[in-house]
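Coordinate analysis (summary)
The residues making up each chain are set out below.
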Amino acid sequence: MLHVAIVDTKKINIIRAEKFVKNFAAGASIFFVGNIRKNNNNKNVTGITYDSFNKLVIKIFKKIYGEGIKKFRLKKAKVFIEHAKGYVPLGKPSIIIAVSCKHRSEAYQLSRYLIEQIKIRAPIWKKEYYKNQKSEWLKGTSIKVK
């Protein structure tokens, strides 16, 4: 079972994630929350604006989920992925990934796989804002063409 969404930054919420992955057949639930940190590349960050090609992001999230389920041979995993779009201030969450699986090793593997693949493949762009009032779009990961 899967839930994926791009949401307004004010709507990103771990309680929804927890409710979605609640599963009495699962022995483990993992919650990954990506927060805006105060320092990146020796610059004092005050926030980040995320922009995305929503339709493609959702498609890629679903594809990555399917690949992870197949790769780790999971049958009853529940996954919740929400990524913020818009301005996210320092300390606030930009992404939530929640996973429930029968065993903890499966939950850890799948959660890690999801975030690493999202960082590489999802068309989500970041513009960092700094304490000195400057900002810049960050260089992303190049798409690998086969």
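In short, a report on the structure. Since we're looking at a predicted model, the values are computed, not measured.

1. Some words on the pairing of strand β5 (residues 78-89)
Burial runs high along β5: nine of the 12 residues are buried. Pairing geometry for strand β1 (residues 2-8) and β5, over seven bridges, is parallel. From the neighbouring strand, Ala-5 faces β5, where its bridge partner is Glu-82. Alignment of strand β4 (residues 43-52) against β5, held across four bridges, turns out to be antiparallel.

2. Side note on the packing of aromatic side chains
Geometry of an aromatic ring pair is reported as the spacing of the ring centres plus the angle between the planes. Considering all chains together, one arrives at three aromatic pairs under this definition. Their ring planes at 50 degrees and their centres at 6.1 Å tell us that Phe-20 and Phe-80 sit as a pair that is tilted. Taken together, the positions of Phe-20 in helix α1 (residues 14-21) and Phe-80 in strand β5 put the pair 60 residues apart, joining distant regions of the chain. Its relative accessible area of 22% is what places Phe-20 among the partly exposed residues. On the accessibility criterion, Phe-80 (2% relative accessible area) is buried. Taking the centre distance of 5.5 Å and the plane angle of 70 degrees together, the rings of Tyr-87 and Tyr-129 count as edge-to-face. Of this pair, Tyr-87 sits in strand β5 while Tyr-129 sits in strand β7 (residues 124-130); the two residues are 42 residues apart in sequence, bridging distant segments of the chain. The partly exposed category is assigned to Tyr-87, whose relative accessible area is 38%. Looking at Tyr-129, the relative accessible area reads 25%, which means it is partly exposed.

3. Here's the deal with the side chain of Asn-40
Tracing the sequence through the fold places Asn-40 in strand β3 (residues 39-40). A relative accessible area of 13% means that Asn-40 is categorised as buried. Among the polar contacts listed, one links the side chain of Asn-40 to the side chain of Glu-128, at a separation of 2.8 Å. Here Asn-40 is in contact with Val-45, Glu-128 and Leu-138, once residues within four sequence places are set aside.

4. Digging into the pattern of salt bridges
Summed over the entire model, instances satisfying the criterion amount to five salt bridges. Its salt-bridge partner being Glu-136, residue Lys-43 comes within 2.3 Å of it at the nearest N-O pair. Highlighted residues: Lys-43 in strand β4 and Glu-136 in strand β8 (residues 135-137), separated in sequence by 93 residues. Its salt-bridge partner being Glu-116, residue Arg-112 comes within 2.9 Å of it at the nearest N-O pair. Separated by four residues within a single helix, Arg-112 and Glu-116 lie in helix α3 (residues 104-121), roughly one turn from each other.

Conventions and cut-offs
- Residues numbered from 1 in each chain as written.
- Predicted model: local features only at pLDDT ≥ 70, side-chain atom pairs only at ≥ 80, totals over all residues.
- Heavy atoms only, no water.
- Buried < 20%, exposed > 50% of the residue type's maximum accessible area, 1.4 Å probe, protein only.
- Helix = DSSP H or I, 4+ residues; strand = E, 2+ residues; numbered from the N terminus.
- Pairing = 2+ DSSP bridges.
- Phe/Tyr/Trp six-rings, centres within 6.5 Å; stacked < 30°, edge-to-face > 60°.
- Polar contact = N/O pair within 3.5 Å; in protein donor to acceptor, adjacent residues only side chain to side chain.
- Contact = heavy atoms within 4.5 Å.
- Salt bridge = Lys/Arg side-chain N within 4 Å of Asp/Glu carboxyl O.

Any functional reading would require information beyond the geometric quantities listed.
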